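# Close look at the chain arrangement
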Amino acid sequence: MAITNSLVTNGDAANVYISVGASAITAMYLCNTDSSARTFDIYVCPAGNSLTTLSQRVYSGIQVQTGDTYVVDSEKLILSAGDMIKANTDATNAISMTISYIGI
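### Structural notes on the environment of Thr-98
Inspection of the secondary structure puts Thr-98 in strand E9 (residues 95-103). When the C-alpha positions of Thr-98 and Ala-27 are compared, they lie 8.2 Å apart, and in sequence the two are 71 residues distant. Among residues more than four places away in sequence, those in contact with Thr-98 are Ile-3, Thr-4, Asn-5, Ala-27, Met-28 and Tyr-29. A polar contact of 2.7 Å, which involves the side chain of Thr-98, links it to the side chain of Asn-5.

Below is the structure:
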């Protein structure tokens, strides 16, 4: 099992994980490190495709209170090489995201 960490940005959704080979996402943790409640969106984008927010958003407008962590661990994602997980939030450097994955 491996992990990757990143800060989620505001504005356009940015890559937080790009699958190098086939991989299974086992969990995602989004921690609000800001002094105010923040919201985030998560998108899954197939390799070679542009992000279209309407069809690829898997979590929308999830609010995380100050100091809390939102855990996504009941749904698993199987990704092919080049598939991406993207995210954005309503304030830069307010939410850190950790993704746990296994190569398959």
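Resuming the write-up.
### Notes on the pattern of salt bridges
Counted according to the given criterion, the structure contains two salt bridges. Among the salt bridges present, the one from Arg-38 reaches Asp-34, with a minimum N-O distance of 2.7 Å. The exposure class of Arg-38 is buried, given its relative accessible area of 19%. In this structure Asp-34 comes out as partly exposed when scored by relative accessible area, which is 23%. Residue Arg-38 pairs with Asp-90 through a salt bridge whose shortest N-O separation is 4.0 Å. Of this pair, Arg-38 sits in strand E4 (residues 38-45) while Asp-90 is found in the loop between strand E8 (84-89) and E9, placing the two residues 52 residues apart along the sequence.

### Concerning the pairing of strand E3 (residues 23-32)
Of all ten residues making up E3, eight are buried, and the element is well covered by its neighbours. Pairing of E3 with strand E7 (residues 77-79) involves three bridges; the strand directions are antiparallel. Considered in E7, the bridge of Ile-25 is made with Leu-77. Here nine bridges tie E3 to E9, and the two strands are oriented antiparallel to one another. Across the sheet, Tyr-29 pairs through a bridge with Thr-98, a residue of E9. Two strands pair when backbone bridges link them, and E3 and strand E6 (residues 69-72) are joined in this way by four bridges, in the antiparallel orientation. What sits directly across from Tyr-29, in E6, is Val-71.

What counts as what
Residues numbered from 1 in each chain as written. Predicted model: local features only at pLDDT ≥ 70, side-chain atom pairs only at ≥ 80, totals over all residues. Heavy atoms only, no water. Helix = DSSP H or I, 4+ residues; strand = E, 2+ residues; numbered from the N terminus. Contact = heavy atoms within 4.5 Å. Polar contact = N/O pair within 3.5 Å; in protein donor to acceptor, adjacent residues only side chain to side chain. Salt bridge = Lys/Arg side-chain N within 4 Å of Asp/Glu carboxyl O. Buried < 20%, exposed > 50% of the residue type's maximum accessible area, 1.4 Å probe, protein only. Pairing = 2+ DSSP bridges.

So yeah, pure geometry; function would need other evidence.
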